[in-house]
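# Coordinates in review
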Amino acid sequence: MTDDLHQRAKQIFVAASDLPTEAREAFVSEECAGDRALWDEVMSLLGYHDLAGSASAPAWTRARWDGADSIGAYRLLEKLGEGGMGVVYEAEQTHPVQRRVAVKLIKWGMDTREVLARFESERQALALMDHPAIARVYEAGATDHGRPYFAMELARGSPVTEYCDAHAMPMRDRLRLFVEVCMGVQHAHQKGIIHRDLKPSNLIVTEQDGRPAPKIIDFGISRATGQRDAEQTMFTRLGQCIGTPEYMSPEQAEPGGVDIDTRTDVYSLGVVLYEILTGSIPFDTASPRGSGYDELRRQIREVDPQRPSTRVGARGEAARIAATRRRLDPRALVRALRGDLDWIVMKAIEKDRSRRYGSAAELAADIERHLAYEPVLAGPPSTAYRLGKLVRRHRLGFGAAAVVGAALLLGMVGTAIGLRRAERSARAAMRTVDALAGVFLVMDPAGPSGPAFSVTSILRRGAEQIESELADQPELQARVLTALGQVHLGLGQYEKARLLLERAVDLQRRHPPQAVDEVLSTLIALAWVNAWSGDLDGARRVSLEGLRLSEEASPPRARAQIAFRFSLAWLSWRSGDVNEAQAHVDRAAEVCDKSISPTDPAVADVLYMQALLCRERGEAEASRRSLERCLAIRERAYGPENVSVAWAILDLGFTYQALRQRDKAREHFERCLQLQEKLLGPDHPWLAYALTQLGVLALQDGDEDGAFRHLDRALRLRERGLGPDHPDVVWTLLPLAELYRQKGEFEASRSLLERAERIVLAAFPRGHPDLTRVLIRLERNARETGRLDDARMLLARLEQLTRRPGAERQPSYATDVYNVACIAALQGNKAHAIELLRAAVAAGFVNAFVFEDPDLASLEGTPELAEIRAEVRRRLAAPRSTSAP
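Presented here is a report on the structure given in the accompanying data block.

The rules behind these values
- Residues numbered from 1 in each chain as written.
- Predicted model: local features only at pLDDT ≥ 70, side-chain atom pairs only at ≥ 80, totals over all residues.
- Heavy atoms only, no water.
- Phe/Tyr/Trp six-rings, centres within 6.5 Å; stacked < 30°, edge-to-face > 60°.
- Helix = DSSP H or I, 4+ residues; strand = E, 2+ residues; numbered from the N terminus.
- Buried < 20%, exposed > 50% of the residue type's maximum accessible area, 1.4 Å probe, protein only.
- Lys NZ or Arg CZ within 6 Å of the ring centre and 35° of its normal.
- Patch = residues over 30% accessible without salt bridge, like charges linked within 9 Å, V, L, I, M, F, W, Y side chains within 5 Å.
- Areas by Shrake-Rupley, 256 points an atom, 1.4 Å probe, with all protein chains shown as cover.
- Salt bridge = Lys/Arg side-chain N within 4 Å of Asp/Glu carboxyl O.
- Lys, Arg positive; Asp, Glu negative; His and termini not counted.
- Charge placed at Lys NZ, Arg CZ, Asp CG, Glu CD.
- Pairing = 2+ DSSP bridges.
- Contact = heavy atoms within 4.5 Å.
- Axes fitted to C-alpha atoms, helices over the stretch in contact; angles between N-to-C directions.
- Polar contact = N/O pair within 3.5 Å; in protein donor to acceptor, adjacent residues only side chain to side chain.
- Core = buried A, V, L, I, M, F, W, Y, C linked by side-chain atoms within 4.5 Å.

On to the packing of aromatic side chains, then. Counting across every chain of the model gives 14 aromatic pairs. Look at Y494 and W532: their rings are 6.4 Å apart centre to centre, the planes differ by 5 degrees, and that puts the pair in the stacked class. Of this pair, Y494 sits in helix 21 (residues 494-510) while W532 sits in helix 22 (residues 516-533), placing them 38 residues apart in sequence. Aromatic pair W570 and W573: ring centres 6.2 Å apart, planes at 55 degrees, arrangement tilted. Here W573 and W570 lie together in helix 24 (residues 558-574), a separation of three residues that amounts to about one turn. Since its relative accessible area comes to 11%, W570 is described here as buried. An aromatic cluster of three or more residues is present, and its members are Y494, W528, W532, F566, W570, W573, Y608, W647, W686, Y689 and W731. Over the ring of Y689 we find R718, and its NZ or CZ is 4.4 Å from the ring centre.

Looking now at a negative patch on the surface. A cluster of acidic residues, E207, D703, E704 and D705, forms a negative patch on the protein surface. For D705, the position within the fold is in helix 31 (residues 704-722). Using a relative accessible area of 45% as the deciding quantity, one classes D705 as partly exposed.

So, on to the sheet that holds strand 10 (residues 211-216). Read from one edge of the open sheet, three strands run 7-9-10, paired in antiparallel fashion. On the outer flanks of this sheet lie strand 7 (158-159) and strand 10, each paired with one strand and no other. Bridge count for strand 9 (residues 203-208) against strand 10 is six bridges, and the pairing is antiparallel. Bridged to V205 within strand 10 is P214. Along the sheet face, helix 6 (residues 171-190) touches strand 9 and strand 10 and points at about 30 degrees away from the line of strand 10.

Note on strand geometry: in a regular strand, side chains alternate between the two faces of the sheet. Relative to strand 9, strand 7 is paired through two bridges, and the arrangement is antiparallel. Each bridged residue has a counterpart across the sheet, and for S158 the counterpart in strand 9 is V205. With antiparallel pairing between neighbouring strands as the criterion, strand 9 and strand 10 make up a hairpin whose turn holds two residues, including D209 at a positive phi of roughly 55 degrees.

Positionally, V850 belongs in the loop between helix 37 (830-842) and helix 38 (863-877). For V850, a relative accessible area of 1% corresponds to the buried category. With 32 residues separating them in the primary sequence, V850 and Y818 have C-alpha atoms 9.3 Å apart. Apart from the residues within four sequence positions on either side, V850 is in contact with Y818, L856, R869 and V872.

For the rest of this paragraph, the subject is the pattern of salt bridges. Within this structure, the stated rule accounts for 57 salt bridges. Here D165 ties to R326 by a salt bridge, and the two come within 3.8 Å at their closest N and O atoms. With D165 in helix 5 (residues 160-166) and R326 in the loop between helix 12 (317-324) and helix 13 (330-337), the pair connects residues that are 161 residues apart, well separated along the chain. The partly exposed category is assigned to D165, whose relative accessible area is 22%. Owing to a relative accessible area of 2%, R326 belongs among the buried residues under this scheme. Within this structure, D165, R174, R325 and R326 form a network of salt bridges that share partners.

This part covers the side chain of E677. Along the chain, E677 turns up in helix 29 (residues 662-680). Overall, E677 belongs to the buried group, its relative accessible area being 18%. Polar contacts involving the side chain of E677 include one to the side chain of R713, which spans 2.8 Å. Beyond its immediate stretch of four places on either side in the chain, E677 contacts Y373, L687 and R713.

If you look at the biggest cluster of nonpolar residues, it comprises 133 residues, and the most contacted ones within it are M609 and L856. Looking at this core, the element that brings in the most residues is helix 22, giving eleven residues. Those residues within four positions of L856 in sequence are excluded, and the remaining contacts are Y818, C822, A825, L837, V850 and L865. Residues L203, Y247, V345 and M346 belong to the second largest nonpolar core, which totals 57 residues.

We now examine the pairing of strand 6 (residues 148-153). Counting buried residues along strand 6, six of its six residues qualify, which places the element largely inside the surrounding structure. Of the strand pairs in this sheet, strand 4 (residues 99-106) and strand 6 are connected by five bridges, and their pairing is antiparallel. Note on strand 6: the bridge partner recorded for V101 is E153. Two elements, strand 5 (residues 137-142) and strand 6, share five bridges in a ladder whose sense is antiparallel. What sits directly across from V137, in strand 6, is M152.

Turning next to the sheet that holds strand 5. An order of 1-2-3-4-6-5 is seen for the six strands of this open sheet, with the pairing classed as antiparallel. Looking at strand neighbours, the two that pair on one side only are strand 1 (70-71) and strand 5, the edges of this open sheet. Pairing of strand 2 (residues 74-82) with strand 3 (residues 86-93) involves seven bridges; the strand directions are antiparallel. Within the sheet, the bridge partner assigned to Y74 lies in strand 3 and is Q93.

Right, here's the structure in full:
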């Protein structure tokens, strides 16, 4: 046999060895093109290759790993897999450190010059990498027989597509995971390395700290783009395709496949993204190998694939399965793909690489734009499209800006016309129109700022323009600054809103407007900005000022009185003073009865607060009735897609939780979350309320992964939007601490609880209910970790809270005393536990849970506990009156 024939046989053998056994013969027949001698040689090499990896192979043809064989410092444990040229083993490194690694060796019979060069390139390529998404290389060397090997990080997990489907990951989570993959590929490209075989089996997803973490493996056929030895080590023979056909780029599928650059990997990433999103690859591969191999390469080079949304829509039962694995129905999956994701995927898999993304980082950036509801580069660059994305991302704020802006513009135009005989007033009004128009002209894509606008930039530039254009018109300036502050409030940008509204208040105090309503509008907005920022005292001062002005106005402003009473009631409730909150609600209800229609949205606000206080008193059914009425009024007044509607839905979820109807509670929390995401975008801090409760329900179901996912997102939203020390952060810290406790991570749980204690003590008076909740959990942590002195000290602190002046007037008093009694019983102080139980029942604790509470196990069989239970049973049997608002 000639050297050329032998060399050609080895080339075909290398390409065929990575194919399934059933496809090899047809592939070899096609490549040999009737040359019988060449066919015989290739099939002989393949037979030897198969034998070398089998149990029946002679000992000298395979690596022996019977528990004692080792390579250097690595003891081979188990074969993990093999490809066309290498075999991968799990191994234990014995020195200088002990750890589990993956060891890759070149196969026996695979020592062609090309394969050795490719293997050496893989070692060199991986040695350059230092990225969390790329498996790290620890060492490279050769066995005693000269077989090259390297030891690398053991990536134990699943291919990215399998992991996403197995965990039924939603679309947004899949996209975030894929972005991490892209950034790993980008790191390799920056090191001058092209992978050339990116596919799901080379993108392994492991879990680190409960989160999915991708690892890119197998740079065995990567190409060094900037190395001095690139031409020596990474040349590709004419006619030999390196890569996996279904994921290879059109330029790879060309005969020779020599002209390769980083956009080849971008194409492969696009195919992987197509599969992650739809459950299928772009081309039909019923016969992907053998006789269909050339046909597949032809499709890759010449046929335009369907858009992902079109492909899913035509797959029938397969589409239903794909949608279920993404927690959607088929129609919703099509809707999710149509538009941005269609454009992103199709741009990534463009046949003309000059029209693809120029890098993996560009692909990742466009996905992140989609996730943030920003215009994507792959999308059509029309003004309507960009404006549509802006509205979707900030629907609440933009809607408010549009309504306020339109009203102000029309109002100012009307003023200008009405005062046309007063030349000076007309000029002033028209200057206001010009200033307001300037705010909205920022959005003109043909203007000097171009199309890259955002709500934040519009508002910032608008505020600057208003300050300068209306410097000599303080009344008008304050009116517009109030409108801009209200928009910032809706966007969750509290500090910016506060600065604008305080500036407006200052102007109104120095230059009182003719209509008191303008001042009241500014004050109520500022009160809620302070409240959401955690400045409850500041919010209370502003609300009291507004209430005084609304009552002293002639005539008194009924709706403003209700608005300020509502804010004062909420502030009192949040501060732990339920009785004061109820007093404000009662006064607001009196104003409603005298002056407001029963279907007015102001009535809905009163019903909302009444429901919250009913639930606080344990009257969950009355709370549900009030919230149902509140929701009906708001939907009639604002339509079904409104943030006020979402709040009512959220609190109905809380109420169903109190009624122990967990399925209905979950339904309402999910409905609220979907509506808020649609109206506010994915990063607004208000989403944290529904997310936290969904995390609580998942924790109760034993779904620790789901609980962590919801709670971690809620915590990040609150910390980013409200600040790390905002009192609402505590509401997420408590269930997150419980999650860690259930997992046995007591130190992590304790750390979260101590942080919660610091926040509550800084924000509220010592008797706040949140402090009681935190101390109860800290005591349990101390008791379960053997810190009994700490547990006794915490019990003493809890008792002090129940004895503080006025504590007995709070709705939670009886429950708090009962909880302290349970802690005393758990600590073994039986006599004191009985004393506290009697006090709790006397204060009104009437709950059937006392008959089965495991915390009272140490008291079982005592006559005192039997007597207490008999009293509870008697009270439960007695007729009870329920208060309805």
